[in-house]
Amino acid sequence: MVELEIDGKKVEVPEGSMVMEAAKRADTYIPHFCYHKKLSIAANCRMCLVDVEKIPKAVPACATPVSSGMIVRTKSDKAVKSQQAVMEFLLINHPLDCPICDQGGECQLQDLAVGYGKSASRYREEKRVVFHKNVGPLISMQEMTRCIHCTRCVRFGQEIAGVMEFGMLGRGEHAEITAFVGQSIDSELSGNMIDLCPVGALTSKPFRFSARTWELTRRKSVSPHDGVGANLIVQMKNSRVMRVLPLENEAVNECWLSDKDRFSYEGLNSAERLTRPMIRQNGDWHEVDWQTALSYVADSFGKITAQHGQDAIGMLASPHSTLEELFLFKALANGLGTPNVDHRLRQSDFAGEVQGGQGVRWLGMPIADLANVDRALVIGSHLRRDHPLLAARLRQAARNGARVGFVAASSDDSLIPGAHPVVVAPSAWLAELSAIARAIATVRGVELPEGFARGDALTPSDDARRAAESFVAGVQTVVLLGNDAVRHPEFTKLHALAAWIAEQAGAKLGFLTEAANTVGAQLVGALPGPDGLDASAMFDQPRQAYVLMNVEPEFDSADPARALAALAQAGLVVSLSMFKHGADYADVLLPIAPFTETAGAFVNCEGRLQAFNGVAPPLGETRPAWKVLRVLANLFELPDFEFDSVEQVRRAALRDLDIPARLDNGSASAVVDAPHPAAVPSPDDTSGATFERYERLPDVPIYHADPLVRRAASLHLTLAARQAVRASLPAGLFDRLGLAQGDAVRVTQGERSVTLPAWRDEKLAPNVVRVSAATPASAALGSLFGDLVVEKV
């Protein structure tokens, strides 16, 4: 530690710290623009000039290391005059348009100009003008003349998002921030550059000119999307959500948000919102009051159970639902006597699941620790799109020297420096993992379990051997199973292999969980009871009645065609939904509140319970799902459903639930079933091969993952959203068919086919075709995994 004095205050900071960091410890504010605690030091705005004793000139606090006995003055004449001179230069070309600037009222330059600017400008020459640029649907660059060249946006792209999408063009007065020629800003973290911009140069296109900052009320909340559970500040005007910003939480999302978390609020104001209960009679939909709708549901269920028994009911809930909703959903199922309850909608292999839900699939470590690992193996994950903020953590680890390996069907650029992908078709993942396991067994001098040692594909490739040697040499290591691995037809075997690899390498085993409350759903037991059917079996063996909560089966299930067929034959389908969706198969639509209009809690991927309150009044006659479930239970005259508040429901859900103990037992859910990997061609041998069959890669696109984000209009104008509605073909197949980008192809899976625009993707394994799940095209096909035939139309 080093002791120094700042404005008469003694302060101790670690050696190597900058004066800016020491000033923060001394609770002294130094004006700045380019400095940000999460970004590298640029020292190009010069606003943080301070007076250091024995140094003749003022020095930038952000780039001046502390030394023992240093005396710093931030408010001396030398410091203040230097700061005022810098401010005068910054305002030379800055337009005087604060009254019409969208940043007005929350502008760092505006605030500091009041304290350090002059009442009149001495500059009389012609001011420069920077023309606006169109960089996509999320970020507005309409007034780049306001830019002060702090380069925060440039550094964020390089260091946090992992891709340099902004850069500086020109020199001196002619310098300007711009994107690459003809390119848009496509990072899944791009919205953070809006927050970082200290002036009104980069603003939010969806929010632009819709409200002034002083007109907005602010409430804390938690994101309902991926497993991170990012902390939010939701801003409203006239009870309407207008903007979402990050709430800093170093342990969860730091000070960042993914674009999905930031802009999905547009779905809250969608014209598709369901605001009144609806019943279908004689093929026509009718709006009714709540009493009529719930009585109709209760009477219909009574008739079905009387005729077919309680086992005729299937209940499916989305893991994007709150802990309280899932707890009452399971309790309602128990009260009705049906064991058929599940939240694992896109999973198809349940052979290794622990009965009773004792094993919990979770990250296996705190989120913050991902930035400190030195070795990681990621299996079956589109990391950037599935978990943008977890990808940022691993990116940080890689910059510090960590080696990150992938087993996937595509070498999609994770933007992680030095990543080592093993790119093979999904059917070969098991063989590749077996090869890695054998290489680790050789390095460690242990025997492979008999089941893992079978098959011709177990001869480790050079990639597998290098990965094994590197992995075993790590100190802080982790094996992570992604969403595609969980959805894989041989998930049980992948899980068992990953668990063995983790055990032998001394690594932690974790899951990159799919939804905001995947862990919470497991904890409260939203799973089949003894002899109950899982989500896949409920459609394989159609039920007479279904209850769906936050579920859109054609987008959320492992086999959309089979799911829709099962729902079509049912006598009753009740859908608790935020949107007017399901008119083709539902009989009753009950409007439930999104996360902004209800209270509840999510348990994120690290097992952190995060409660939140509603921030806006329910739209129309929308009701929180927990209240709907409680009233339904009362109509069925079920005991123990007398809850008056969401806090009471939460206490009941957590009463006998020891979350840390349950998570500690999570690794026990790996069932070491003996896999039999089939021989597959090495990726090195397939450069010119013509394949008889092509496998489907069914990634779930980032902006199609859940009902709310599917209706966020601006997100669906992005490149990532456009990529989701086309068929990506490996280079060999694309060239063999003689296609040009965007040409139509017919993709056939079994007896079903769909026509899509084709795109050449050199990152795909040679025998893999990407047809994304959770899209209308995917709903027209069958199972998420399977063989495809591709023909030019």
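The protein appears in an unreviewed UniProt entry as NADH-quinone oxidoreductase from Robbsia betulipollinis. Looking at the Function (unreviewed entry) heading of the UniProt record, one finds this comment for the protein: "NDH-1 shuttles electrons from NADH, via FMN and iron-sulfur (Fe-S) centers, to quinones in the respiratory chain. Couples the redox reaction to proton translocation (for every two electrons transferred, four hydrogen ions are translocated across the cytoplasmic membrane), and thus conserves the redox energy in a proton gradient." Comment text from UniProt for the protein, heading Sequence similarities (unreviewed entry), reads "Belongs to the complex I 75 kDa subunit family."

(A) Layout of the overall build of the protein. The helix and strand inventory of the protein stands at 24 helices and 33 strands. The C-alpha radius of gyration computed for the protein amounts to 28 Å, which stays within 12% of the reference 28 Å derived for 793 residues, consistent with globular compactness. Counting every position in the protein, which comprises 793 residues, the buried fraction comes to 61%. Of the roughly 31100 Å² that the protein leaves accessible, carbon and sulfur atoms contribute 49%. Between the mean site of the 81 positive side-chain charges and the mean site of the 94 negative ones, the protein shows a separation of 7 Å.

(B) Quick peek at the UniProt feature "domain: 4Fe-4S Mo/W bis-MGD-type" (unreviewed entry) in the protein. On the UniProt side, "domain: 4Fe-4S Mo/W bis-MGD-type" (unreviewed entry) is annotated at positions that read residues 216-272 here. Here residues 216-272 runs as 9% helix and 35% strand, with 25 Å between its end C-alpha atoms.

(C) A look at the packing of helix α8 (residues 323-336) against helix α19 (residues 625-635). At their nearest, the axes of α8 and α19 sit 9 Å apart, and the two run at 20° to each other. Considering the angle they form, α8 stands roughly parallel to α19. The handedness of the crossing between α8 and α19 comes out as left-handed. Of the residues in α19, those in contact with Glu 325, Leu 328, Phe 329 and Leu 332 of α8 are Ala 625, Trp 626, Leu 629, Leu 632 and Ala 633. When its residues are assigned to classes, the contact of α8 with α19 shows 8 nonpolar, no polar and 1 charged.

(D) A look at the pairing of strand β18 (residues 375-379). Most of β18 sits out of view: 5 of its 5 residues are buried. Burial along β18 is two-sided: Arg 375, Leu 377 and Ile 379 facing one way and Ala 376 and Val 378 facing the other are all buried. As judged from the 5 bridges shared by β18 and strand β19 (residues 403-408), these two strands associate in the parallel manner. Following the sheet pairing, Val 378 is matched in β19 by Phe 406. Relative to strand β21 (residues 477-481), β18 runs parallel, the two being bridged by 5 bridges. Residue Leu 377 lies in a different strand from β21, and its bridge partner there is Val 479.

(E) Examining the pattern of salt bridges more closely. Here the structure, examined in full by the defined rule, presents 44 salt bridges. As a salt-bridge pair, Arg 393 and Glu 254 come within 3.8 Å of each other at their nearest N and O atoms. Within this pair, whereas Arg 393 is found in helix α10 (residues 388-399), its partner Glu 254 is found in the loop between β13 (240-246) and α6 (259-263), the two being separated by 139 residues in sequence. Notably, a salt bridge pairs Arg 346 with Glu 514, separated by 2.6 Å at the nearest N-O pair.

Rules and cut-offs
- Residues numbered from 1 in each chain as written.
- Predicted model: local features only at pLDDT ≥ 70, side-chain atom pairs only at ≥ 80, totals over all residues.
- Heavy atoms only, no water.
- UniProt positions renumbered as here; feature names shortened; annotations may be inferred.
- Helix = DSSP H or I, 4+ residues; strand = E, 2+ residues; numbered from the N terminus.
- Rg over C-alpha atoms; globule rule 2.2 N^0.38 Å.
- Buried < 20%, exposed > 50% of the residue type's maximum accessible area, 1.4 Å probe, protein only.
- Areas by Shrake-Rupley, 256 points an atom, 1.4 Å probe, with all protein chains shown as cover.
- Lys, Arg positive; Asp, Glu negative; His and termini not counted.
- Charge placed at Lys NZ, Arg CZ, Asp CG, Glu CD.
- Axes fitted to C-alpha atoms, helices over the stretch in contact; angles between N-to-C directions.
- Parallel < 35°, antiparallel > 145°, perpendicular 65-115°, else oblique.
- Left-handed = near helix turned anticlockwise from the far one by under 90°.
- Contact = heavy atoms within 4.5 Å.
- Nonpolar A, V, L, I, M, F, W, Y, C, P; charged D, E, K, R; others polar.
- Pairing = 2+ DSSP bridges.
- Salt bridge = Lys/Arg side-chain N within 4 Å of Asp/Glu carboxyl O.

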